[in-house]
Amino acid sequence: DMALFNEVWWAMSRLFYDAKMHGNNWEAIRQEYAALVPYTFDRQDFYALMTEMIEEVDSSHLGGSAPPGTPPQANETTAFLGAEWDWAKLMSDGVYDVASVLPGSPADHPMSRLEPGDRVLSVDGQALGKENTFAEMMKGKVDRRVRLQIQRGDKTLDVAVRAGSPGQAGSLRYEDFIARRRAEVERLSNGKLTYFHIQGMNTPSTDRFFREARMYAEGKEGAIVDVRWNGGGNTANRILAALRVEPWLIRRFRAWPDTTMTEEMFRGEALEMPVALMTNQYSASNAEIFSEGFRRMKLGPI
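Just so it is clear, the structure is predicted and the values come from calculations on it, not from any experiment.

Asker: Could you clarify how one ought to interpret the pattern of salt bridges in this entry?
Answerer: Opposite charge on two side chains makes pairing possible when the charged atoms of those side chains draw close. Within this structure, the stated rule accounts for 19 salt bridges. Two residues, R208 and E175, come together in a salt bridge whose shortest N-O distance is 2.8 Å. Here R208 is found in helix α7 (residues 203-216), whereas its partner E175 is found in helix α6 (residues 166-188), with 33 residues between them in sequence. The exposure class assigned to R208 is buried, which follows from its relative accessible area of 18%. Here E175 falls in the partly exposed class, since its relative accessible area comes to 37%. In this structure, R296 engages E292 in a salt bridge whose closest nitrogen and oxygen atoms are separated by 2.7 Å. With R296 and E292 both in helix α10 (residues 286-296) and four residues apart, the pair spans about one turn of that helix.

Structure below.
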């Protein structure tokens, strides 16, 4: 690992665009991180350390990763059900009480639905506790039927659930993230505002934004556009163009004399209402460009 470390450090010192390394002492950084290399426990951990070292030069679009063809690390995928635990009880008493169920998840299926307040006692016949955790019991069970024994009130029930994958979990949690925030924005604004999250500056996320603009902006007075955790891409210019409020051409229709429509809305890519932007330190690359464009175009508060 030390030979590979030296190669990574050497490559950065020779190939980084700024020979002065943004004013950082690259030799001192080498010494600091060389002392940590013996403590990395596998190749993935090693490259995570390299990424931290490279980030010391404070420049974007840099990181460390294994070259193509590197053997994958050992991995035993943990299956997903969609039950959120009462973490206070789990930490204090070691019991698995269901606090909520993720909509659309395996635990939300009509034939195997878990309910808030259920206590999961066992998985496939093995009792749960501080020694036998739920996550441990779910390893290697993606797309398999899992038998749960649960206590619901004064009844003990057997429930069979087909477990999902971590990918399914991510998608459902993202949809739940959006639904909850849109509902909260509309509640706090008494229905005057709506909410949009743009997951990436890519075609699917951008198309979704324009589709939802038609669905949720009707009758609203403004919107919150959220690009937190947006990893970037190349569509910031399309969305920024759609956020301009001032129309430049108005269409009228003989069949609907009381109806007018701007050219932008007629073509399908316009929001045409006051907006505020949410961003954070995890909004990267083209999402940063989007935030800077939003500021320079004076589209609203950030």
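We are not done yet, so read on.
Asker: Whenever I open this one, the sheet that holds strand β11 (residues 275-278) confuses me. Can you help?
Answerer: Strands pair in a sheet through their backbones, by hydrogen bonds, and they do so in one of two ways: parallel or antiparallel. The strand order β7-β8-β11 describes an open sheet built from three strands, whose pairing is parallel. Unpaired on one side and paired on the other, β7 (193-197) and β11 mark the two borders of the sheet. With strand direction ignored, the average angle separating the axes of adjacent strands in the sheet is 20 degrees. As defined by bridge partners, β7 adjoins strand β8 (residues 222-226) across five bridges and the pair is classed as parallel. Bridge pairing links Y195 to I224 in β8.

Asker: Help me understand the side chain of D176 in this model?
Answerer: For D176, the location among the structural elements is in helix α6. For D176, a relative accessible area of 17% gives the class buried. Within the structure, D176 has its side chain in polar contact with the side chain of R180 (distance 2.7 Å). Leave out the neighbours within four places in its chain, and D176 touches L102 and P103.

Asker: Any chance you could explain unusual backbone geometry here in plain terms?
Answerer: Peptide bonds are mostly trans, and most non-glycine residues show a negative phi. In this structure, D124 takes a positive phi of about 50 degrees despite not being glycine. Tracing the backbone shows D124 in the loop between β3 (119-123) and β4 (126-127). The phi dihedral of S285 is positive, around 55 degrees, even though this residue is not glycine.

Asker: Explain the environment of S283 to me, please; I cannot follow it from the model alone.
Answerer: Along the chain, S283 falls in the loop between β11 and α10. Among the residues examined, S283 registers a relative accessible area of 3% and is labelled buried. For the pair S283 and A83, spaced 200 residues apart in sequence, the C-alpha separation works out to 29 Å. Ignoring any residue separated from it by four or fewer positions in sequence, one finds S283 in contact with V227, R228, W229, N230 and E288. A distance of 2.8 Å separates a polar side-chain atom of S283 from the backbone oxygen of V227.

Asker: For this particular structure, what's the right way to read the environment of Y216?
Answerer: Secondary-structure assignment places Y216 in helix α7. Distance from Y216 to D58, taken between C-alpha atoms, is 39 Å for residues 158 residues apart in sequence. When residues no more than four places from it in sequence are discounted, the contact partners of Y216 are R182, T194 and F196.

Asker: Would you explain a negative patch on the surface in this entry?
Answerer: Together, E32, E52, E55 and E56 line one region of the surface with negative charge. By secondary structure assignment, the location of E52 is in helix α3 (residues 43-55). On the basis of relative accessible area, E52 is assigned to the partly exposed category, the value being 46%.

Asker: What is the right way to look at the environment of L157 in this model?
Answerer: Topologically, L157 is positioned in strand β6 (residues 155-162). For L157, a relative accessible area of 30% puts it in the partly exposed group. Spatially, the C-alpha atoms of L157 and V120 are 9.6 Å apart, while their sequence positions differ by 37 residues. If we ignore the near neighbours within four places in the chain, the residues touching L157 are L148, Q149, I150 and R152.

Asker: Quick question: what am I supposed to make of the packing of aromatic side chains here?
Answerer: Note on aromatic pairs: each is described by the distance of the centres and the angle between the planes. This structure, assessed with the given rule, holds twelve aromatic pairs. Between the aromatic rings of F177 and W229, the centroid separation amounts to 6.0 Å while the plane-to-plane angle is 85 degrees, which identifies the pairing as edge-to-face. Note that F177 is positioned in helix α6 and W229 in the loop between β8 and α8 (236-242), a separation of 52 residues in sequence. An aromatic cluster is present here, built from W85, Y96 and F134 joined pairwise through their rings. The ring of F46 has R43 lying over it, and the distance from NZ or CZ to the ring centre is 6.0 Å. For the cation-ring pair, R182 lies above Y216, with the distance from its terminal atom to the ring centre recorded as 3.9 Å.

Scoring rules and cut-offs
Residues numbered from 1 in each chain as written. Predicted model: local features only at pLDDT ≥ 70, side-chain atom pairs only at ≥ 80, totals over all residues. Heavy atoms only, no water. Salt bridge = Lys/Arg side-chain N within 4 Å of Asp/Glu carboxyl O. Helix = DSSP H or I, 4+ residues; strand = E, 2+ residues; numbered from the N terminus. Buried < 20%, exposed > 50% of the residue type's maximum accessible area, 1.4 Å probe, protein only. Pairing = 2+ DSSP bridges. Axes fitted to C-alpha atoms, helices over the stretch in contact; angles between N-to-C directions. Polar contact = N/O pair within 3.5 Å; in protein donor to acceptor, adjacent residues only side chain to side chain. Contact = heavy atoms within 4.5 Å. Patch = residues over 30% accessible without salt bridge, like charges linked within 9 Å, V, L, I, M, F, W, Y side chains within 5 Å. Areas by Shrake-Rupley, 256 points an atom, 1.4 Å probe, with all protein chains shown as cover. Lys, Arg positive; Asp, Glu negative; His and termini not counted. Charge placed at Lys NZ, Arg CZ, Asp CG, Glu CD. Phe/Tyr/Trp six-rings, centres within 6.5 Å; stacked < 30°, edge-to-face > 60°. Lys NZ or Arg CZ within 6 Å of the ring centre and 35° of its normal.

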